[in-house]
Amino acid sequence: MTEMTYGTMVAMTRAFLLATGARITYIGDENIPDRGGAVVAINHTSYVDWLAAGLVARRRRRWLRFMVKAELQRVKVINFAIKHTKTIPVDRSAGAYAYAMAVQRLREGELVGVYPEATISRSFELSEFKLGAARMAAQADVPIIPVIVWGTQRIWTKGHPKNLGPKKVPVVVSVGAPIHAADDVAQTDAALRESMTTLLHQVQQRYHHPTGAYWVPRRLGGGAPTLAETVGIDAAEAGRKAARLRDGS
């Protein structure tokens, strides 16, 4: 049932990307191991970057078990998918259970997909990393596979309307060489960030970025906020969300 459900989702993903006209280029997918557990660390720029990341794993005949925020379980169709694809829901206020489950899946030989940034980066640069990816890789004694997805922020990202029409958006998925998880978590995290930064810049160098476009980082002449500016934007959004919860709206 699990792989049948996942297979259906993969087919739907391909149909969705076909409908939007997205053209995916895969680079370095041979770095995803044929077997055995690994943490797959993905940058987070959009609501749909997981689609492209999942497809690159399927190119190696592997299934990617994502860690996702527990709030998604409130949506019935998503909750069904979570239950039937070995997806790991994460309660951010009490993440120990999800962490233990992820380590167990890794020891069982699964690929576990994580977002080290934890949330979408409005700057489309790599924001601050959480240490969970490095810690679970070390505990499970598996490598970390760095993955950069670029272009999906043009389809659907935070703070901008969806762009789901047939726009023929080019999407690039670049997979880096496996990183050995050292006992020193900070050292592993630094190595992961360096690898992902290099991959990101390599992909960006080959990608056309119109001046002033909202989905282009400021560093490349785009209209996206800087990393520093996103701190204030995210804080303001969190304040509005907290106020709505207090008001019961």
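Before reading on, note that the structure itself is shown above.
Described in the following lines is the structure provided in the data block. This is a predicted model, so every value here is computed, not measured. (Residues numbered from 1 in each chain as written. Predicted model: local features only at pLDDT ≥ 70, side-chain atom pairs only at ≥ 80, totals over all residues. Heavy atoms only, no water.)

### Concerning the environment of H209
Examined against the element boundaries, H209 turns out to sit in the loop between α6 (185–205) and α7 (227–247). Its relative accessible area of 14% is what places H209 among the buried residues. With residues near it in sequence (within four places) discarded, H209 still touches W150, Q204, W215, V216 and L220. At 2.9 Å, the side chain of H209 forms a polar contact with the backbone oxygen of Y207. (Helix = DSSP H or I, 4+ residues; strand = E, 2+ residues; numbered from the N terminus. Buried < 20%, exposed > 50% of the residue type's maximum accessible area, 1.4 Å probe, protein only. Contact = heavy atoms within 4.5 Å. Polar contact = N/O pair within 3.5 Å; in protein donor to acceptor, adjacent residues only side chain to side chain.)

### What about the sheet that holds strand β7 (residues 170–175)?
Strands sit in the order β1-β7-β6-β2-β5-β3-β4 across an open sheet of seven strands; the sheet is mixed. Edge positions in the open sheet fall to β1 (23–27) and β4 (88–90), since each of these has one partner strand only. Direction aside, neighbouring strands of the sheet carry axes that sit 25 degrees apart on average. Bridge count between strand β6 (residues 144–150) and β7: four bridges; the pairing is antiparallel. Its bridge partner being in β7, V149 is matched across the sheet by V173. Here α6 sits on the sheet and contacts β2 (38–42), β6 and β7; the angle it forms with β6, its principal contact strand, is near 30 degrees. (Pairing = 2+ DSSP bridges. Axes fitted to C-alpha atoms, helices over the stretch in contact; angles between N-to-C directions.)

### As for the pairing of strand β5 (residues 111–114)
If a strand is regular, its side chains alternate between the two faces of the sheet. Side chains L111 and G113 of β5 all project onto a buried face; the interleaved residues V112 and V114 project onto the opposite face, where all are buried too. Relative to β5, β2 runs parallel, the two sharing four bridges. Across the sheet, the residue bridging to A38 is L111, located in β5. Across three bridges, the pairing between strand β3 (residues 64–69) and β5 is parallel. When the bridges of β5 are listed, F66 appears paired with G113.

### Things to note about the pairing of β6
The element β6 is largely enclosed, with a buried count of seven among its seven residues. Here β6 shows no split at all, with I144, P146, I148 and W150 on one side and I145, V147 and V149 on the other all buried. Summarising the sheet, β2 and β6 pair through four bridges and their orientation is parallel. Its bridge partner being in β6, I42 is matched across the sheet by V147.

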